Amino acid sequence: PSGGAMSMDDMSSEVDIERAPFTNNKASQGDGGAIKSNARMKIQMSVFDDNEAPAGGGGGIYTEKDVNMTGSQMKRNKANNGGAMKTKNNAVHMSLTTMEDNEATSDGGAIDSENTAVDIETSTIKGKMLVATMTSLLMMMVLGTRTMAVKYGMFKSRTTRMAPKRKEENSM
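Residues numbered from 1 in each chain as written. Predicted model: local features only at pLDDT ≥ 70, side-chain atom pairs only at ≥ 80, totals over all residues. Heavy atoms only, no water.

**Quick look at the packing of aromatic side chains**
The condition is simple: Pairing of aromatic side chains here covers Phe, Tyr and the six-membered ring of Trp, requires ring centres within 6.5 Å, and sorts the geometry by plane angle: under 30 degrees stacked, over 60 edge-to-face, intermediate tilted. For helices the rule is a DSSP run of H or I covering at least 4 residues; for strands it is a run of E covering at least 2, with both sets numbered from the N terminus onward. Accessibility here uses a 1.4 Å probe with only protein chains present; expressed as a share of the type maximum, an area under 20% marks a residue as buried, one over 50% as exposed, and anything in between as partly exposed.
Taken as a whole, this structure holds one aromatic pair when the rule is applied. Ring geometry for F22 and F48: centres 4.8 Å apart, planes at 5°, overall stacked. Remark: F48 occurs in strand β6 (residues 47-49) and F22 occurs in strand β3 (residues 21-23); sequence separation between them is 26 residues. Residue classification places F48 among the buried positions, given a relative accessible area of 0%.

**A few points about unusual backbone geometry**
Of note, the phi angle at N24 is positive, near 60°, even though the residue is not glycine. For N24, the position within the fold is in the loop between β3 and β4 (35-37). Phi is positive for D50, close to 60°, though the residue is something other than glycine.

**Brief notes about the nonpolar core**
Heads up, the rule is: Side-chain atoms within 4.5 Å are what join buried Ala, Val, Leu, Ile, Met, Phe, Trp, Tyr and Cys residues into a set we call a nonpolar core.
I35, M41, F48, I61, M69 and M99 are the most contacted members of the largest nonpolar core, which has 25 residues in total. The element contributing the most residues to this core is strand β16 (residues 111-121), with three residues.

**Thoughts on the confidence of the model for the protein**
We count it as follows: You can read pLDDT as the predictor saying how much it trusts each residue, on a scale of 0 to 100. Contact between two residues is taken to exist if any of their heavy atoms lie within 4.5 Å; hydrogens are not considered.
A residue-level look at the protein finds 73% of positions with pLDDT of 70 or above and a mean pLDDT of 78. Between residues 129-145, whose pLDDT stays under 50, and residues either more than four places distant or in other chains, the model counts 47 contacts.

As structure tokens, then:
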């Protein structure tokens, strides 16, 4: 099922989440390791840590509605797409937020967005990125955005370079 801790399907609702810890939740077969939402969300001073959506999107959060996240942390979340967050057809505003060491087996180590306007302000996104994907750092974290604005943000990456194996030739 989707939404390891919470699943909200009412598209007309709005949810306020404040000072909430979401830790060690798992969406075993769907999206949203901690939260799967079709409601607008305002998230303040909350922590998303070690959540998983191994077969879906958004290790911490999967949403198809607007998200306003302030003063929060998303660390060590894992998913197939969007290690910390998978967004679709919406707008995301993030300020004073840290995303660290989130992982995706496919797209978007931190954020995988599809047809989404992303606005990141005074936030830090850092983690391991694979250069072998031939994708830039920003595109590795934020894929398919309509627009992306970064104001006073910091991106840090510990890259792993994958070199092709050399074929040894025997000389006779």
